[in-house]
Amino acid sequence: MKKILAVFAVFGGVLMSADIEDTTLKAIFENFEKSSKNDTIQAGLSPRQIELSNLAAIIASGSVRLWQERVEKSELKADEIMELLRQSTAYLGMARIREFIFVTSEIYKRKGVKITDFALESDENRLKNGQNLQIELFGSATTQSMSGDYAQIGRYLSQNCFGDYYTRVEILSLIEREIITFFLLAAQGDTSAQMKAHAKAIFLQGLNKEKLIALINANIALIGYPRSLNATATVIEASK
């Protein structure tokens, strides 16, 4: 059987397929490349936004090899890549992220690039800062809803998802973090409720419905049509 190795990479609005030995599949993705390039340019998406959405989708899809290839070529800084990885643990779990962390650390060790370490705040400040960011992004009802049986996970969520990551806006801005989170959710599926909340947060941060749908379209080759359709439906619902 002919070996097929497909590498899908979107950067600067360009979808690139590499090392596809099957000529039929290669032609299919060359056609996709042309339309994707035109659509993302027309939507006014930045190369950085597309790259962050791609990398999040790749992690959530579990493709360590594709992640490694993309990180090697990425124009993002090492600290930005590592920060994306750190944030991913809150949405995918450490069990799924560990291999990505090891692979990425080896890449930067080989290149002689030092990763910046950050001291965490106290638990009290992590909680307070995280809740403040949740209120800014989603409104006060979000934190108020985390009571009763949800109280413990709600505290962890505020401290970790937001207090540990979202506060470092000097590395990744709030809109960039929301794009990352949205595509971590979109690529793993069965997360419509969470996607809807984060889509609304993205709108508040200045990215409109049309641009978010264009970002989804730029990730079709990575996450497939069913999840792309589900993510689009969620965005439409969130915009109402």
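Residues numbered from 1 in each chain as written. Predicted model: local features only at pLDDT ≥ 70, side-chain atom pairs only at ≥ 80, totals over all residues. Heavy atoms only, no water.

**A look at the overall build of the chain**
Counting secondary structure elements, the chain contains 13 helices and two strands. Taking 2.2 N^0.38 as the reference for a compact globule, 240 residues should give roughly 18 Å; the C-alpha atoms of the chain span a radius of gyration of 18 Å, in line with that estimate. Dimensions along the principal axes, computed over C-alpha positions, put the chain at roughly 55 × 45 × 30 Å. Here the chain, with 240 residues, has 45% of them falling under the buried criterion. Of the contacts formed within the chain by residues at least 6 apart in sequence, a portion of 70% connects residues at least 24 apart. In the chain, 28 positive and 28 negative side-chain charges are present, and the distance between their average locations comes to 2 Å. (Helix = DSSP H or I, 4+ residues; strand = E, 2+ residues; numbered from the N terminus. Rg over C-alpha atoms; globule rule 2.2 N^0.38 Å. Buried < 20%, exposed > 50% of the residue type's maximum accessible area, 1.4 Å probe, protein only. Contact = heavy atoms within 4.5 Å. Lys, Arg positive; Asp, Glu negative; His and termini not counted. Charge placed at Lys NZ, Arg CZ, Asp CG, Glu CD.)

**Topic: the layout of surface pockets**
Taken as a whole, the largest pocket encloses approximately 570 Å³ of empty space. Met146, Leu157, Gln194, Ala197 and His198 are the residues nearest the centre of the largest pocket, which is lined by 19 residues in total. Elements with a minimum of two residues in the lining of the largest pocket: α4 (78–92), α6 (123–138), α8 (151–166), α9 (174–188) and α10 (192–204). Of the residues that constitute the lining of the largest pocket, the class distribution is 13 nonpolar, five polar and one charged. (1 Å grid on protein atoms, 1.4 Å probe; cavity = no way out; pocket = protein on both sides within 12 Å on 5 of 7 lines; lining within 4 Å. Points joined across faces, edges and corners; volume = space filled by probe spheres on them. Nonpolar A, V, L, I, M, F, W, Y, C, P; charged D, E, K, R; others polar.)

**Observations regarding unusual backbone geometry**
The general pattern is negative phi for most residues beyond glycine and trans for most peptide bonds. In this model, Asp190 sits at a positive phi of 55 degrees, which is unusual for a non-glycine residue. Summarising the element assignment, Asp190 is placed in the loop between α9 and α10. Here Asp190 falls in the exposed class, since its relative accessible area comes to 82%.

**With respect to helix α13 (residues 225–238)**
With 14 residues, α13 should cover 20 Å at 1.5 Å per step; its first-to-last C-alpha distance of 20 Å lies within 8% of that length. Here α13 has its buried residues at Ser228, Ala231, Thr232, Thr234, Val235 and Ala238. Projected onto a plane normal to the axis of α13, the buried residues spread over an arc of 160 degrees and lie on a single side. Counted as exposed and oriented over 90 degrees from the buried face of α13: Tyr225, Pro226 and Leu229. Tucked inside the fold, the buried residues of α13 contact α9, α10, α11 (209–217) and α12 (220–223). (Expected span 1.5 Å × (residues − 1). Arc of directions from axis to C-beta.)

**Regarding the packing of α11 against α13**
Here α11 crosses α13 at 170 degrees, and the two axes come no closer than 10 Å. In terms of their interaxial angle, α11 and α13 are classed as roughly antiparallel. Only Ser228, Ala231, Thr232, Val235 and Ile236 of α13 make contact with α11, whose side of the interface consists of Lys209, Leu212, Ile213 and Ile216. (Axes fitted to C-alpha atoms, helices over the stretch in contact; angles between N-to-C directions. Parallel < 35°, antiparallel > 145°, perpendicular 65-115°, else oblique.)

**Considerations on the UniProt feature "domain: Carboxymuconolactone decarboxylase-like" (unreviewed entry) in the chain**
Following the UniProt record, one finds the feature "domain: Carboxymuconolactone decarboxylase-like" (unreviewed entry) at residues 153–233. When the span residues 153–233 is considered, its composition is 79% helix and 0% strand, and the gap between its end C-alpha atoms is 28 Å. (UniProt positions renumbered as here; feature names shortened; annotations may be inferred.)

**Focus on α11**
Of the residues making up α11, those classed as buried are Leu212, Ile213, Ala214, Leu215 and Ile216. For α11, the N-terminal capping position is held by Asn208, with its side-chain oxygen 3.3 Å away from the main-chain nitrogen of Glu210. (Polar contact = N/O pair within 3.5 Å; in protein donor to acceptor, adjacent residues only side chain to side chain.)

**Some points on the packing of aromatic side chains**
Counted by the stated rule, this structure contains four aromatic pairs. Measuring from centroid to centroid gives 5.3 Å for Phe182 and Phe183, while their planes differ by 75 degrees, and the two rings are edge-to-face. When its relative accessible area of 1% is taken as the criterion, Phe183 is described as buried. Put simply, the rings of Phe138, Phe162 and Tyr166 touch in pairs and so form one group of aromatic residues. (Phe/Tyr/Trp six-rings, centres within 6.5 Å; stacked < 30°, edge-to-face > 60°.)

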